[in-house]
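One-letter residues, chain by chain:
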Amino acid sequence: MNWENKEIDESVQGTATMIEGETDGLKKLYLESYGCQMNFSDSEIVASILTKSGFSTTRNPLDADVILLNTCSIRENAEQRVRNKLSQFNTIKKNNPALVIGILGCMAERLKTELLEQEKLVDLVAGPDAYRDLPNLIDTADSGQKAVNVLLSREETYADISPVRLGKNGVNAFISIMRGCDNMCSFCVVPFTRGRERSRDPESILNEAKELFEKGFREVTLLGQNVDSYRWNITKKNEVIEPSKPTVSFAQLLEKIALVNPLLRVRFSTSHPKDMTDDVLHVIAKYHNICKYIHLPVQSGNTDVLARMNRGYSREWYLERIKAIRTILPEASISSDIITGFCGETEEEHQDTVSLMKICNFDYSYMFSYSERPKTLAERKFKDDVPEDVKKRRLNEVQTLQHDLAFKNNSAAIGKTFEVLVEGISKRSSDEVYGRNSQNLTVIFPKENFKPGDYAMVKITESTSATVRGIAVNNN
Ligand code: SAH
Ligand code: SF4
Ligand code: F3S
């Protein structure tokens, strides 16, 4: 899953989320989320299931009857952070023995009963495909029994569950379009924690987008680990499953969502370089409301490293995909994910990543040093042999480079005018609002009469590597 929403990027900031608003109910739930956008989207499903079964919510863990942590396993430090949190919550339990502490998400799936039986840090364990079972699991835990469901499903997409929107601004929302991942990138734990790839019924996706628009939302982000392999009613081998019904590809789905309303912006993530087709790029070009922004994680700029990573493409293939984006979508911005110090990475191989970043001129990158994950192909096949200090030095190098690229790209925006969707009032000043342009650049500008959900034409006047400032022009 990708990491472009800076506000909720666990890997960088470790942000937690709670259900908005406090209501009276029989039992109080405190829910905190870590990880990728998919996990935050899942927390909205969990919130929906539990509020329907009579739970109210609290922002204060001390008030809670049930504490749930929706967790991430992507890197070792993501798991460490959750263990620390669980220890803190267990101190609350000392004074409140009836408190149920549960773990959801990828760590629950990866560690199964370990946190419950060996480490005794939790009372309840529910994997990503077991959330419908949460009301039962909580009852089981309440009665003092072990509550565990880590079954992965080939079908579950939670298509019929209307998520409770946890984001506060009422402007942007996530829509999960698929679950799981069938790629076996050798470094990655996701196929083990999320199970097999499955696509969600396009009708339910479309209805969710329409409902969101009617409620005033103005931007949806379609989520999947590899959105380019979204497929409905057709197998990977292109065999139609039910001949009487239409098939739907990702490009077609994108178009259907774009047609909901021209005022509803559409974003998506994550695209996979081996699967991203020109069809998708042409659909993006055709609709003003499909954002001109592509997150295309490269991981490494060296073909041998990419082969060890089992990514399914070469440096040349990736550069060709970038060329296709630049040709079909000349205004688009591009971001990436990069891993430094993967097994066996030499200095030359690392320098290939540096040179590729320069050629691609990424607007943003999410950069990580390699963290070996149990059971992955890399753990079984390769030695994690790049010393920690070398991994960190290489990480620093790509971070510094990315900072420079972003600074230059943002400076180039000065003098240009963009359409910005207003998302909220600036944290620094109540006289300013912030929002993003189609290219996903955060823009801050004087509030005037703008409110969240409005579109404004903004001329850029100043820039840094993270944001730009401007003034509203020609809006009447
Ligand atoms: N499905 C997305 C990625 C999901 S994980 C894709 O294929 O692009 C998000 C990012 O975390 C990955 O792109 C990768 O850069 C990083 N990541 C995944 N496993 C990692 C590991 N073991 N160590 C360091 N970074 C990792
Ligand atoms: Fe992990 Fe690769 Fe799947 Fe992304 S595509 S989730 S990196 S296995
Ligand atoms: Fe997402 Fe972390 Fe799981 S990145 S899919 S929450 S391992």
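Structure's up top.
These figures come from a predicted structure and were not determined experimentally.

Looking now at the site of ligand 2. Around ligand 2, the neighbouring residues are Cys181, Asn183, Cys185, Phe187, Cys188, Val190, Pro191, Gln225, His272 and Arg311. When the residues that make up the shell around ligand 2 are grouped by side-chain class, the tally is six nonpolar, three polar and one charged.

The subject of this paragraph is the pairing of strand β7 (residues 172–176). For β7, the buried fraction is high: four of the five residues fall into the buried class. Note: β7 against strand β10 (residues 219–223), five bridges, orientation parallel. The residue bridging Ala173 from the neighbouring strand is Val220, located in β10.

Glancing now at the packing of helix α13 (residues 347–360) against helix α15 (residues 388–411). At a minimum axis distance of 10 Å, the contact between α13 and α15 shows a crossing angle of 10°. With respect to α15, the element α13 is oriented roughly parallel. The chirality of how α13 crosses α15 is right-handed. Where α13 abuts α15, its residues Glu347, His350, Gln351, Thr353, Val354, Met357 and Lys358 lie against Arg393, Arg394, Glu397, Val398, Leu401, Gln402 and Leu405. Among the residues forming the contact of α13 with α15, the class breakdown is five nonpolar, four polar and five charged.

Now for the pattern of salt bridges. A pair can form between side chains of opposite charge whenever their charged atoms are brought close. Under the definition given, this model contains 39 salt bridges. In this structure, Asp42 and Arg179 form a salt bridge, with 2.9 Å as the shortest nitrogen-oxygen distance. Here the residue Asp42 occupies a position in helix α2 (residues 37–52), and Arg179 occupies one in strand β8 (residues 178–179), the gap between them amounting to 137 residues. The exposure classification of Asp42 matches that of Arg179, with both residues buried. Between Arg265 and Glu219 there is a salt bridge, and its shortest N-O distance comes to 3.5 Å.

In space, the six strands of this open sheet follow the order β2-β1-β3-β4-β5-β6, with parallel pairing throughout. Whereas interior strands pair on both sides, the edge strands pair on one side only; in this sheet they are β2 (55–57) and β6 (147–149). Direction aside, neighbouring strands of the sheet carry axes that sit 25° apart on average. Against the sheet, helix α6 (residues 134–142) touches β1 (27–33), β2, β3 (66–71), β4 (100–104), β5 (124–126) and β6, its axis set at about 160° to β5.

Read around the barrel, five strands follow the order β17-β18-β19-β21-β20 and close on themselves; strand pairing throughout is mixed. Adjacent strand axes in the sheet meet at a mean angle of 50°, parallel and antiparallel pairs treated alike. Bridging between strand β17 (residues 417–425) and strand β20 (residues 455–463) involves five bridges; their strand directions are antiparallel. The residue of β20 that forms the bridge with Thr417 is Lys459.

With that out of the way, let us pick up the nonpolar core. In terms of nonpolar packing, the biggest core is built from 71 residues, with Leu222, Phe250 and Leu254 touching the most fellow members. Sort the elements by how many residues they give to this core and helix α9 (residues 250–258) lands first, with six residues. Built from parts of two domains, this core gets at least three residues from each of domain 1 (10–149) and domain 2 (172–410). Apart from residues no more than four positions distant in its own chain, Leu222 is found in contact with Ile175, Ile177, Val227, Phe250, Leu254, Ile257, Val266, Arg267, Phe268 and Ser269. Counting residues in each nonpolar core, the second largest holds 22 residues, with Leu29, Ile49, Leu104 and Leu137 among its members.

Here the focus is the environment of Gln88. Take Gln88: it is sitting in helix α3 (residues 76–95). With 33 residues separating them in the primary sequence, Gln88 and Leu121 have C-alpha atoms 10.0 Å apart.

For the rest of this paragraph, the subject is α6. Every buried residue belonging to α6 is among Leu134, Leu137, Ile138 and Ala141, and all of these are buried. Take α6 and look down its axis: the buried residues cluster within an arc of 100°, on one side only. Trailing α6 by a residue or two, Gly144 shows a phi angle of about 85°, which is positive.

Each value, and the rule that gives it
- Residues numbered from 1 in each chain as written.
- Chains lettered and ligands numbered in written order.
- Predicted model: local features only at pLDDT ≥ 70, side-chain atom pairs only at ≥ 80, totals over all residues.
- Heavy atoms only, no water.
- Near = heavy atom within 4 Å.
- Nonpolar A, V, L, I, M, F, W, Y, C, P; charged D, E, K, R; others polar.
- Buried < 20%, exposed > 50% of the residue type's maximum accessible area, 1.4 Å probe, protein only.
- Helix = DSSP H or I, 4+ residues; strand = E, 2+ residues; numbered from the N terminus.
- Pairing = 2+ DSSP bridges.
- Axes fitted to C-alpha atoms, helices over the stretch in contact; angles between N-to-C directions.
- Parallel < 35°, antiparallel > 145°, perpendicular 65-115°, else oblique.
- Left-handed = near helix turned anticlockwise from the far one by under 90°.
- Contact = heavy atoms within 4.5 Å.
- Salt bridge = Lys/Arg side-chain N within 4 Å of Asp/Glu carboxyl O.
- Core = buried A, V, L, I, M, F, W, Y, C linked by side-chain atoms within 4.5 Å.
- Domains from an automatic or database assignment.
- Arc of directions from axis to C-beta.

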